[in-house]
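Descriptive structure summary
So the chains spell out like this:
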Amino acid sequence: MEKLHCVQETDYAKGRATMTVDHIGYVVDSIEKSKDKFTKQYGFSVLSDIVYDPLQRVRLVMLCSSQHRIELIEPVDEHSPSYDFLKKGGGFHHICFSVADIDASIKKLQGEGHLLFVKPKEAILFGGKKVAFLYSKEDKKIIELVENGE
Amino acid sequence: MEERIKLIFATVLNISPDQVHDETKPDDLENWDSMNHLLLVAAFEDEFSINIEPEEIGDMWKNYTAFKKLIMQKVAQQ
């Protein structure tokens, strides 16, 4: 059971980590309904306004519980890249990692079996910070990187 | 080469090669959605040891002809 308390042992705690979890992306069909559910039933707080990302054709809001953040993602129409995912049930969509140098992190991950499918671009939900999306060939899952500028 | 591409394409999508034609679009195949498109691109990168750029991934999602052409161009450039 002691091993569940990972904070003391992680590279993050020792200042060696190059990637730390920023948030979990979660696809929903109604951001208002899901925001209500996560706040009223699960105790999340609302960290941001609901914003529209024209590049991804999604509405987004960031929620928080303790140190954990969850991004609710609502595709606005069938042209959104996450619309197919919603049609298949939605839910957990990606893990976003915070990195100091997004270009260096992309290069490293591409050499480790990841496919870059959205190049770094400014994200409205993150105040213009750069984000990129990659696909893990091994896990068949999406990860997002956000450059923290540190 | 074209037959090999079609076979890999169909195998990854778990469909029959008979369902794949030059004019086939993502809307025509239930399994060719945005997530499985990434699976396809990843499979072809590994199969042919090629690198596909983010802009090209979007271009390949128009129809099977566009997908096949891009793969053949990349293989020819090697």
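For the structure itself, consult the block above.
Below is a short write-up of the structure.

About the criteria used
- Residues numbered from 1 in each chain as written.
- Chains lettered and ligands numbered in written order.
- Predicted model: local features only at pLDDT ≥ 70, side-chain atom pairs only at ≥ 80, totals over all residues.
- Heavy atoms only, no water.
- Helix = DSSP H or I, 4+ residues; strand = E, 2+ residues; numbered from the N terminus.
- Rg over C-alpha atoms; globule rule 2.2 N^0.38 Å.
- Buried < 20%, exposed > 50% of the residue type's maximum accessible area, 1.4 Å probe, protein only.
- Contact = heavy atoms within 4.5 Å.
- Areas by Shrake-Rupley, 256 points an atom, 1.4 Å probe, with all protein chains shown as cover.
- Lys, Arg positive; Asp, Glu negative; His and termini not counted.
- Charge placed at Lys NZ, Arg CZ, Asp CG, Glu CD.
- Axes fitted to C-alpha atoms, helices over the stretch in contact; angles between N-to-C directions.
- Parallel < 35°, antiparallel > 145°, perpendicular 65-115°, else oblique.
- Left-handed = near helix turned anticlockwise from the far one by under 90°.
- Nonpolar A, V, L, I, M, F, W, Y, C, P; charged D, E, K, R; others polar.
- Core = buried A, V, L, I, M, F, W, Y, C linked by side-chain atoms within 4.5 Å.

Description of the overall build of chain B
Check the secondary structure of chain B and you find four helices and zero strands. Ordered by position from N to C terminus, the α and β elements of chain B give α-α-α-α. Here the C-alpha atoms of chain B give a radius of gyration of 11 Å, agreeing with the 12 Å that 2.2 N^0.38 yields for 78 residues. By residue count, 49% of the 78 residues in chain B fall in the buried class. In chain B, once contacts between residues fewer than 6 apart in sequence are set aside, the share between residues at least 24 apart is 56%. Entry remark: accessible area of chain B is about 4200 Å², with carbon and sulfur atoms responsible for 46%. Across chain B, the centroid of the 7 positively charged side chains sits 6 Å from that of the 16 negatively charged ones.

Here's the deal with the packing of helix H1 (residues 2–13) of chain B against helix H4 (residues 64–77) of chain B
Axis angle and axis distance: for two packed helices, these are the angle between their axes and the distance between the axes, and together they describe the pair. Residue and element names in this part refer to chain B. Interhelical geometry of H1 versus H4 gives an angle of 120° and a closest axis separation of 11 Å. The angle between H1 and H4 falls in the class oblique. Crossing hand, H1 versus H4: right-handed. Only Tyr64, Phe67, Lys68, Ile71 and Met72 of H4 make contact with H1, whose side of the interface consists of Glu2, Ile5, Lys6 and Phe9. For the contact of H1 with H4, a count of residues per class yields six nonpolar, no polar and three charged.

Thoughts on the nonpolar core
Looking at soluble globular proteins, one finds that nonpolar side chains tend to be buried together. Judged by nonpolar contacts, the single largest core of 46 residues is most densely connected at Phe9, Phe44 and Ile71 of chain B. Of the residues forming this core, the biggest block, eight residues, is contributed by helix H2 (residues 34–48) of chain B. Judged by nonpolar contacts, the second largest core, of ten residues, contains Phe97, Ile102, Ile106 and Leu145 of chain A.

No statement about biological role is implied by the geometric values presented.
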